Amino acid sequence: MSDLLSRRQLIRAGLVATAGASGLGAVLAGRYGLVPPDHGGIYGAGETLTYAAQRLLMSHHSLAREFTRRQISTVFPVNGEPPENEGYRRQLADGFRDWRLAVDGLVARPSSFSLADLRRFPSRSQITHQACEEGWSFIAEWTGVLLSDVLNVVGIRADARYVVFFPFDDSWDSLDMPDAWHPQTLLAYGMNGQDLPTPHGAPLRLRVARQLGYKSIKYLSRITVTNTVKNIGQGLGSVSPEQGYSWYAGI
Amino acid sequence: MRVLDSSRHSVLVRITHWIHTVSFFALLVSGIAILIAHPRLYWGETGAVGAPALLDLPIPFTFGQSGWGRSLHFLSAWVSVLNGSLYAIAGLFDQHFRTHLLPARADLAWRPFRQAVADHVRFTRPGGDGSRSYNVLQRLAYLAVVFVLFPLMIATGLAMSPAITSVVPELVTIFGGQQSARTIHFFVASFLVLFLLVHIAMVCRAGFGDRVRAMITGHSAVKEGRSRKERHERPAFPATAD
């Protein structure tokens, strides 16, 4: 009998301790940016564990591997088609002469940049590996401007938590601040020594070296800095979770 | 030969076994869901349609399953890794590996080893104490699964993460590249499935109900001290493997 009681007490104490620890963990995690926007649902626990563990245990500035020119792939497959809308078609036909990248939200100086403006920033090139979520991958050289350089020019506010990217079509995605400030996160206008080809996101795409390919959103037209993504789309941080894919794709 | 204690399996082994059963099944199903999005395997850093493949699996490219597949794969990987770590750490401390899985030095000598293989091939069942302890082949198989195959699954899985390899690049270069890691991940998973099939076949041969009961309650129906006659009458006796 006493054996039974002690076992019951042990189970109760264990449950209370677990509940307390999870509650405390959730509060701390929310406060320190360890909970991804798509933390709900049955898979939310896995998404949160993966994201929180990586943000807690790994350096925010660790560099993705870079390669030599000789390692650049011979094929560069793409998923998805260029935007279908009239706005994009006109810009494409026009060689993106009037294209501008708008940057707004929680910034001191909302601005817009032409391709020529962006090319005046210090240019960065990196030869990195890009893996598609499906399993295939390639190595390419990307050239562009550091996202952090652009963010510094517009001056982002201290309460900023996400940088949100809108392309010409209905897609959108967001980065947390560690990946937004990351020294390899590029706004790329060039690929393998040439202007960014249309299927790869002309005129400008994001390149996030430490995440899967789908995070490197193409055909950019606007960037918004915000402290919440709850009011965009279904509030899950990007269209990916709406289609069943993780917001955080560092894997 | 060593004999298992009063209970055939400890509480910890039983609990972690069934948690592992669920998480391994979830990993397998979700892993297949991810694989069929691109059922081609490559060697080196990169690979894509249009580049030479190491192995073209005879499965059609099937899209739209990798979203939930990936989410379930990671959720069950967390369960599997935490559960497996508990099992491994406890097994080191409570002498589980040393007592039940480490082969005796004498069993590894050529003659006894050859005898064990021959017995296994002929399905010769050990009598008495022999049935209550794992033979050398079982021990080596379990040790390989716990200390070689599962660590390899975890390492090759992490090697496919661009975020993790930004911190530990050696994790992917040691396997020869991201696509090599993916390919090794696939082959090691195949070995684990092969092990599972043999494991289930042996459990069935040893007496499915008895073995499953032993892994749930800890006790086998076969008690020590049973008379030779009883043993003879009930041949549903633990066979060489489970």
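Just so it is clear, the model here is predicted, and its values are computed rather than measured.

Asks: Pulling in residues and values, what's your account of the overall build of chain A?
Replies: Looking only at helices and strands, one finds 7 helices and 10 strands in chain A. With the principal axes as the frame, chain A shows a C-alpha extent of 85 × 40 × 30 Å. Looking at chain A residue by residue over its 251 residues, the buried ones come to 40%. If you take every contact in chain A between residues at least 6 apart in sequence, the share linking residues at least 24 apart comes to 65%.

Asks: Explain the interface of chain B and chain A to me, using residue names and the numbers behind them.
Replies: Contact residues are listed per partner, giving 29 residues for chain B and 36 residues for chain A. At the level of elements, α2 (66-93), α6 (162-167) and α8 (178-217) of chain B are the ones that each hand at least two residues to the side of chain B that touches chain A. Broken down by element, the residue count for the side of chain B that touches chain A peaks at 9 residues, all from α2(B). Tallied by class, residues from the side of chain B that touches chain A come to 14 nonpolar, 12 polar and 3 charged.

Asks: Just give me the short version of the sheet that holds strand β1 (residues 100-105) of chain A, but keep the residues and values in it.
Replies: Residue and element names in this part refer to chain A. Read across the open sheet, the 5 strands follow the order β2-β1-β10-β5-β6; overall the sheet is mixed. Sheet topology places β2 (111-114) and β6 (173-176) at the edges, where each strand pairs with a single neighbour. On average, adjacent strands in this sheet sit at an angle of 20° to one another, irrespective of strand direction. As paired strands, strand β5 (residues 162-167) and strand β10 (residues 220-226) are joined by 6 bridges and run antiparallel to one another. Bridge pairing links Val-163 to Val-225 in β10.

Asks: Residue-level account of the packing of helix α5 (residues 136-159) of chain B against α8(B), with values.
Replies: Residue and element names in this part refer to chain B. Relative orientation of the contacting elements α5 and α8 amounts to 150°, with a least axis distance of 9 Å. Viewed along their axes, α5 and α8 adopt a mutual orientation that is roughly antiparallel. Where α5 crosses over α8, the two elements pack in a sense that is left-handed. Contacts between α5 and α8 involve Ala-141, Val-145, Leu-149, Leu-152, Met-153, Thr-156, Gly-157 and Ala-159 on the former and, on the latter, Gln-178, Ala-181, Ile-184, His-185, Val-188, Ala-189, Phe-191, Leu-192 and Phe-195.

Asks: Give me the lowdown on the nonpolar core, citing residues and values where you can.
Replies: All names here are of chain A. Counting 36 residues, the largest nonpolar core has Leu-101, Val-163, Leu-187, Ala-188 and Leu-220 as its most contacted members. Among the secondary structure elements, those contributing two or more residues to this core are β1, β4 (137-146), α5 (147-154), β5, β7 (186-191) and β10. In terms of residues, this core owes the most to one element, β7, which gives 5 residues. Apart from residues no more than four positions distant in its own chain, Ala-188 is found in contact with Trp-142, Thr-143, Gly-144, Leu-196, Leu-204, Arg-205 and Arg-207.

Asks: Go over α5(B) with me, naming the residues and quoting the values.
Replies: Residue and element names in this part refer to chain B. Helix length check: α5, at 24 residues, gives a terminal C-alpha distance of 33 Å against a target of 34 Å (1.5 Å per residue), a fit within 8%. Maximum bend of α5: about 35°, positioned at Val-145. Within the sequence span of α5, burial applies to Gln-138, Arg-139, Phe-150, Met-153, Thr-156, Gly-157 and Ala-159. Where α5 is buried, its residues touch α2, α3 (96-101), α6, α7 (170-173) and α8.

Asks: I'd love a proper account of the pairing of β6(A), names of residues and values included.
Replies: Look at any regular strand and the pattern is simple: side chains alternate between the two faces of the sheet. Residue and element names in this part refer to chain A. Because side chains alternate across β6, one face comprises the buried residues Asp-173 and Leu-175, and the other comprises Ser-174 and Asp-176, equally buried. Bridge analysis of β5 against β6 gives 4 bridges, and the strand direction is antiparallel. Looking at the pairing, Tyr-162 lines up with Asp-176 of β6.

Asks: Run through the environment of Gln179(B), naming residues and quoting values.
Replies: Position of Gln179(B) relative to the elements: it lies in helix α8. Considering only alpha carbons, one finds Gln179(B) and Leu152(B), 27 residues apart in sequence, at a separation of 15 Å.

Asks: Give a detailed account of the environment of Met153(B), specifying residues and quantitative values.
Replies: Residues and elements named next belong to chain B. For Met-153, the location among the structural elements is in helix α5. Residue Met-153 is classed as buried on the basis of its C-beta count, with 22 C-beta atoms lying within 10 Å. Taking the C-alpha atoms as reference, Met-153 lies 5.7 Å from His-185; in sequence the two are 32 residues apart.

Asks: Tell me about the packing of helix α2 (residues 44-57) of chain A against α2(B), and name the residues and values.
Replies: The N-to-C vectors of α2(A) and α2(B) enclose an angle of 70°; their axes lie 8 Å apart at closest approach. Considering their axes alone, α2(A) and α2(B) lie roughly perpendicular with respect to each other. Two packed elements cross with a definite hand, and for α2(A) against α2(B) that hand is left-handed. Residue-level contacts link Ala45(A), Gly46(A), Glu47(A), Leu49(A) and Thr50(A) of α2(A) to Ser71(B), Phe74(B), Leu75(B) and Trp78(B) of α2(B). The class makeup of the residues in the contact of α2(A) with α2(B) is 5 nonpolar, 3 polar and 1 charged.

Asks: Report on the pairing of β2(A), specifying residues and quantitative values.
Replies: Residues and elements named next belong to chain A. Summarising the sheet, β1 and β2 pair through 4 bridges and their orientation is antiparallel. Note that in β2 the partner of Ala-102 across the bridge is Ser-112. Connecting β1 to the antiparallel partner β2 that follows it, the hairpin turn spans 5 residues.

So, how was this worked out
Residues numbered from 1 in each chain as written. Chains lettered and ligands numbered in written order. Predicted model: local features only at pLDDT ≥ 70, side-chain atom pairs only at ≥ 80, totals over all residues. Helix = DSSP H or I, 4+ residues; strand = E, 2+ residues; numbered from the N terminus. Buried ≥ 20, exposed ≤ 12 C-beta atoms within 10 Å, placed from the backbone. Contact = placed C-beta atoms within 7 Å. Nonpolar A, V, L, I, M, F, W, Y, C, P; charged D, E, K, R; others polar. Pairing = 2+ DSSP bridges. Axes fitted to C-alpha atoms, helices over the stretch in contact; angles between N-to-C directions. Parallel < 35°, antiparallel > 145°, perpendicular 65-115°, else oblique. Left-handed = near helix turned anticlockwise from the far one by under 90°. Core = buried A, V, L, I, M, F, W, Y, C linked by C-beta atoms within 7 Å. Expected span 1.5 Å × (residues − 1). Bend = angle between axes of the 7 residues up to and from the residue.

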